[in-house]
Amino acid sequence: MTEHEKHMAAALQAAERGVRGVNPLVGAVLVDDSGAAVAVGHHRGAGHRHAERDALARAAAERPDVDLSTTTLYCTLEPCRHHGRQPPCVEAILAAGVPRVVHGAADPTADAGGGASELAAAGVDVVSGVLAEPCRRLNHRWNLAQQQGRPFVTVHLAQSLDGRIAAADGTSQWITSAASRSHTHRIRERIDAILVGSRTVAVDDPRLTARDESGELLAEQPLRVVMGRRPVPEEARLRRGRPEGEGWLQVPTHDPLEALRRLDSAPHSGRGVRHVLVEGGSRVLSAFFAADLVDEIFAYHAPVLLGEGPSSVGPIGVSSLSEAPRFVPDPAEGGPVTLMGDDVCVHLAPEPS
Ligand code: AOF
Ligand code: ZN
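Residues numbered from 1 in each chain as written. Chains lettered and ligands numbered in written order. Predicted model: local features only at pLDDT ≥ 70, side-chain atom pairs only at ≥ 80, totals over all residues.

The name given to the protein in an unreviewed UniProt entry is Riboflavin biosynthesis protein RibD, with Nesterenkonia halobia as the source organism. In its Function (unreviewed entry) section, the UniProt record describing the protein reads: "Converts 2,5-diamino-6-(ribosylamino)-4(3h)-pyrimidinone 5'-phosphate into 5-amino-6-(ribosylamino)-2,4(1h,3h)-pyrimidinedione 5'-phosphate." (UniProt positions renumbered as here; feature names shortened; annotations may be inferred.)

Caption draft 1: Local environment of the sheet that holds strand β2 (residues 37–42). In spatial order, the strands read β2-β1-β3-β4-β5; together these five strands make up an open sheet with mixed pairing. Edge strands, defined here as strands with exactly one partner in the open sheet, are β2 and β5 (125–128). Taking the axes of each pair of neighbouring strands and ignoring which way they run, one obtains an average angle of 15° across the sheet. Looking at chain direction, strand β4 (residues 100–105) and β5 are connected through four bridges and run parallel. From the neighbouring strand, H103 faces β5, where its bridge partner is S128. Packed on one face of the sheet, helix α2 (residues 51–62) meets β1 (27–31), β2 and β3 (72–77) and runs near 140° to β2. (Pairing = 2+ DSSP bridges. Helix = DSSP H or I, 4+ residues; strand = E, 2+ residues; numbered from the N terminus. Axes fitted to C-alpha atoms, helices over the stretch in contact; angles between N-to-C directions. Contact = placed C-beta atoms within 7 Å.)

Caption draft 2: Seen up close, helix α9 (residues 256–264). All of the buried residues along α9 are P256, A259, L260 and L263. All buried residues of α9 fall inside an arc of 95° around its axis, so they share one side. (Buried ≥ 20, exposed ≤ 12 C-beta atoms within 10 Å, placed from the backbone. Arc of directions from axis to C-beta.)

Caption draft 3: Structural view of the packing of α2 against helix α3 (residues 89–96). At a closest axis distance of 9 Å, the pairing of α2 and α3 adopts a crossing angle of 30°. Here α2 lies roughly parallel to α3, going by the angle between them. For the element pair α2 and α3, the recorded crossing hand is left-handed. For the pair α2 and α3, contact is made by E52, R53 and L56 and by C89, A92, I93 and A96, respectively. Considering only residue class, the contact of α2 with α3 consists of five nonpolar, no polar and two charged. (Parallel < 35°, antiparallel > 145°, perpendicular 65-115°, else oblique. Left-handed = near helix turned anticlockwise from the far one by under 90°. Nonpolar A, V, L, I, M, F, W, Y, C, P; charged D, E, K, R; others polar.)

Caption draft 4: Looking closely at the pairing of strand β14 (residues 343–350). Relative to β14, strand β11 (residues 296–302) is paired through five bridges, and the arrangement is antiparallel. Bridge pairing in β14 places I297 opposite L348. Two strands pair when backbone bridges link them, and strand β12 (residues 327–329) and β14 are joined in this way by three bridges, in the antiparallel orientation. The partner of F327 across the bridge, within β14, is P350. In this structure, strand β13 (residues 337–340) lies alongside β14, joined through four bridges in antiparallel fashion. Residue pairing for β14: V337 is matched across the bridge by V346. Here β13 folds back onto β14 in antiparallel fashion, the turn holding two residues, of which G341 has a positive phi close to 60°.

Caption draft 5: Here's a closer look at the nonpolar core. Counting residues in hydrophobic clusters, the biggest one holds 47 residues, and the most contacted among them are A193, V225, V276, V278 and F288. Elements with a minimum of two residues in this core: α6 (140–148), β6 (152–160), β7 (193–197), β8 (223–227), α9, β10 (275–280), α10 (282–290) and β11. Setting aside residues up to four positions removed in sequence, V225 forms contacts with A193, I194, L195, L249, V251 and L263. Ranked by size, the runner-up nonpolar core spans 40 residues in total, among them L12, A51, Y74 and A116. (Core = buried A, V, L, I, M, F, W, Y, C linked by C-beta atoms within 7 Å.)

Here it is, written out as structure tokens:
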């Protein structure tokens, strides 16, 4: 391993502490001229400061003795050059007077990408492509979603040990633990939209709001999306009162890509919908899996056997093991496996291509 690769590996590790979705996972390490790390930063997720600024802010707070004009900034992603929810990292790097930047993957987006050449034009010594492959793999599905011009898709599977979502008589509350459900509500709070099938709305009458343990609404609420053609019943809880009855829409299609593209331009929090949580039911889930539109899975496995009950995912067109989509542990958010009450929550992503 070269010196550059060693520091990039540390930045990759830091990146994994973040939350991927609207934004990618990004890590940054500031190193002095003796090769010692001065500060480590990471991006916590959309709306939070970027990894580069995080590292620079930590250096300013914890190591004011270090002269930044003698340092090198390692970052897993090319520093951004645009004003989004956050100001451009390129500006912060130039303002801090950091003379060298080493980055891993390129930023594939049209607006934020191109920061490396801006830095080089301003006289910064830029090295690109160090550990480029692992840096790209860390966000491979995020990159794909950007290329396809659609929101990032997280899927939630709350199921029994044998992959079922209800008993034979339809009873399903609650299969998973309170801790698992609370985790889901925290995810609901930070995504832009939650999507379920029109059949699920008719059968389960879900509220699809983000709530705390006592049932109070959390500060941020997702747009609620019903996919499919079945009419939403007049008495559905989705329609009722304020704020319960606000912020929902129906996309009358069975094509998941079409549904996502429509959502991309649906207004939410002053911007488009860029991160969608798909919660079910089994038909909607199979449509998303069959179309390879699942970027991330949180699978909650409760230690209960339901045997005869319906399974969480319906047919996906797989007739032989060799055709079955495989998933790999997703290191984001503190690791791929978490105990939640008596449940095991597994965080997965499709195998990188
Ligand atoms: C970086 N460092 O840590 C991240 C970057 O809405 P914003 O302002 O947060 O910008 C999001 C875009 O910036 C995102 O789509 C991606 O292109 C880039 N993410 N860039 O320099 C970071 N998270
Ligand atoms: Zn940035």
